[in-house]
Amino acid sequence: MADLITEISSLEQFESILEQNADKLVVVNFWARWCDICKHMNDLFGQLSKSWSPNVVFLQVEADDQEAITEKYEVDSVPTFYFYYKRNRVEVVLGAQAQTLAVKVETWVGKTVVVPEQPQALPENEHSDRIKKLTTCAPVMVFVRGKFPECEGCEASRDLIALLRSKSVPFSAFDVSLDAEIQEGLKTYSGWPSVPQIWTLGKLVGGLDTLREIDQKGEWDSTFSKAIEETKAQEEQQKQNLNARLSDLINKAPVMLFMKGTPDAPRCGFSSKIVGLLQDQGIRFESFNILSDSEVREGLKIFSKWPTFPQLYVEGKLLGGLDIVKEMIDEGELRPLVPAHCLDD
């Protein structure tokens, strides 16, 4: 996979590759190491690169490491996927929209390149590894035919999805029509001759008829309870990881400002005003651009129980937003709270 995806290490390299491949479709994955969702999307990105390279150029940018790129190209959250053709950005996919990303790549491939009708098959062990990763990428995994969730042209897929939703079973889905090798290889790997297929914790449950039988026998709990518990456990772990990260960010500096943009380039009037107030007060501070990270932006609202930005913290304690900071300055209450080493003489 490393040979099929180029890891970007500088703005110059990024722009040079865009220029050199102006006649090709270039797909860029902006991700971050701390983001669990990005890891799943990186796996899909790798699968897409195997299917469409070298006709499509795949680039990967670690957003925290390459701030020059994310700022210049206005990447506000991860995962984000940019599509370039003839030096122009022609498509954007925001968030963990696996099916949308796969469909958009296939659509733009059809517009920009001629793909061989019979691409070289993957080695058997690599083929099986891909399928295994897909079957285990979520506690409940469904393989359907047709774009999710409509699954046009496959009534069985639609009925299976409807049945799962009627029982409030959380699941992820993969459209096998996007990948002929997966579609055929899944049948061999699973020993099940048709699609749709449903898997729990990496084990095959069966197809639509199996699910209907489970419904008739009232065996939903015995079939899916462990997978649902695993889903909840993963969500709780992600919440704990996010809270730990938010706590680390809040305590990164004695005076920490969460704002839209940066002090040198604020992206909203409130953020611009609070930066000016802190600078006028001679208060040295560090900042975090919440537009660069949707997980921090949304998570901090819940963590702090404060729904808007900017947010100012002193020694790990939330003081508030612009109005409260202005009021504290007017009352002479702000500077006494700030550690002496963070104050200009």
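Quick note: structure is the one above.
Residues numbered from 1 in each chain as written. Predicted model: local features only at pLDDT ≥ 70, side-chain atom pairs only at ≥ 80, totals over all residues. Heavy atoms only, no water.

## A closer look at the side chain of S157
Residue position: S157 is located in helix 6 (residues 155–166). Residue classification places S157 among the buried residues on the basis of a relative accessible area of 0%. One polar contact links the side chain of S157 to the main-chain amide nitrogen of R145, over a distance of 3.1 Å. Sequence-distant contacts of S157, that is, excluding residues within four places in its chain, are made with V144, R145, C151 and P196. (Helix = DSSP H or I, 4+ residues; strand = E, 2+ residues; numbered from the N terminus. Buried < 20%, exposed > 50% of the residue type's maximum accessible area, 1.4 Å probe, protein only. Polar contact = N/O pair within 3.5 Å; in protein donor to acceptor, adjacent residues only side chain to side chain. Contact = heavy atoms within 4.5 Å.)

## Things to note about a negative patch on the surface
A cluster of acidic side chains, namely D323, E327, D330, E331 and E333, defines a negative patch on the protein surface. Relative to the assigned elements, E327 resides in helix 12 (residues 322–330). (Patch = residues over 30% accessible without salt bridge, like charges linked within 9 Å, V, L, I, M, F, W, Y side chains within 5 Å. Areas by Shrake-Rupley, 256 points an atom, 1.4 Å probe, with all protein chains shown as cover. Salt bridge = Lys/Arg side-chain N within 4 Å of Asp/Glu carboxyl O. Lys, Arg positive; Asp, Glu negative; His and termini not counted. Charge placed at Lys NZ, Arg CZ, Asp CG, Glu CD.)

## Quick look at the layout of surface pockets
As a volume, the largest pocket reaches approximately 770 Å³. Lining the largest pocket are 27 residues, with H40, A96, C137, A138 and S172 positioned closest to its centre. Among the secondary structure elements, those contributing two or more residues to the lining of the largest pocket are helix 2 (36–52), helix 4 (98–112), helix 5 (124–135), strand 6 (140–144), strand 7 (172–175) and helix 9 (220–250). Tallying contributions element by element places helix 2 first for the lining of the largest pocket, with six residues. For the lining of the largest pocket, the residue count by class is 16 nonpolar, eight polar and three charged. (1 Å grid on protein atoms, 1.4 Å probe; cavity = no way out; pocket = protein on both sides within 12 Å on 5 of 7 lines; lining within 4 Å. Points joined across faces, edges and corners; volume = space filled by probe spheres on them. Nonpolar A, V, L, I, M, F, W, Y, C, P; charged D, E, K, R; others polar.)

## Notes on the pattern of salt bridges
Inspection of the entire model under this criterion finds 18 salt bridges. Close ionic contact of D293 with R245 constitutes a salt bridge, the shortest N to O distance being 3.0 Å. In this pair, D293 is assigned in the loop between strand 11 (286–289) and helix 11 (294–304) and R245 in helix 9, connecting sequence segments 48 residues apart. Residue classification places D293 among the buried residues on the basis of a relative accessible area of 2%.

## Topic: the sheet that holds strand 11
The four strands lie next to each other as 11-10-12-13, forming an open sheet whose pairing is mixed. With one partner strand each, in any of the chains shown, strand 11 and strand 13 (317–320) form the two edges of the open sheet. The sheet shows a mean angle of 25 degrees between the axes of neighbouring strands, direction not considered. As paired elements, strand 10 (residues 255–259) and strand 11 share four bridges and run parallel to each other. The partner of F258 across the bridge, within strand 11, is F288. Packing against the sheet, helix 11 makes contact with strand 10, strand 11, strand 12 (311–314) and strand 13, and its axis sits at approximately 60 degrees to strand 12. (Pairing = 2+ DSSP bridges. Axes fitted to C-alpha atoms, helices over the stretch in contact; angles between N-to-C directions.)

## Considering the packing of aromatic side chains
Geometry of an aromatic ring pair is reported as the spacing of the ring centres plus the angle between the planes. All told, the structure shown has 13 aromatic pairs when counted by the stated rule. Aromatic ring contacts, followed pair by pair, group F14, F30, Y73, Y82 and Y84 into a single cluster. Between R89 and the ring centre of Y82, over which it is positioned, the NZ or CZ distance is 4.3 Å. Over the aromatic face of W34 sits the side chain of R245, whose NZ or CZ is 3.6 Å from the ring centroid. (Phe/Tyr/Trp six-rings, centres within 6.5 Å; stacked < 30°, edge-to-face > 60°. Lys NZ or Arg CZ within 6 Å of the ring centre and 35° of its normal.)

## Structural notes on the packing of helix 9 against helix 11
Two numbers describe how helix 9 lies on helix 11: the axes approach to 10 Å, and their chain directions differ by 90 degrees. With respect to helix 11, the element helix 9 is oriented roughly perpendicular. Of the residues in helix 11, those in contact with L242, N243, R245, L246, S247, L249 and I250 of helix 9 are E295, V296, G299, L300 and F303. Of the residues in the contact of helix 9 with helix 11, the class split is seven nonpolar, three polar and two charged. (Parallel < 35°, antiparallel > 145°, perpendicular 65-115°, else oblique.)

## Concerning helix 1 (residues 11–20)
Taken as a whole, helix 1 has its buried residues at L11, F14, I17 and L18. For helix 1, the angular spread of the buried residues around the axis is 135 degrees, confining them to a single face. Residues of helix 1 that are exposed and point more than 90 degrees away from the buried face comprise E12 and Q20. On its buried face, helix 1 is in contact with strand 1 (5–7), strand 2 (25–31), strand 3 (56–62), helix 3 (67–72) and strand 4 (80–85). (Arc of directions from axis to C-beta.)

## Topic: helix 6
Helix length check: helix 6, at 12 residues, gives a terminal C-alpha distance of 16 Å against a target of 16 Å (1.5 Å per residue), a fit within 8%. Within helix 6, the full set of buried residues consists of S157, L160, I161, L163 and L164. Here the buried residues of helix 6 occupy an arc of 160 degrees about the axis, which is enough to place them on one side. For helix 6, the exposed residues lying more than 90 degrees away from the buried face are E155 and S166. Elements in contact with the buried residues of helix 6: strand 6, strand 8 (197–200), helix 8 (208–217) and helix 9. (Expected span 1.5 Å × (residues − 1).)

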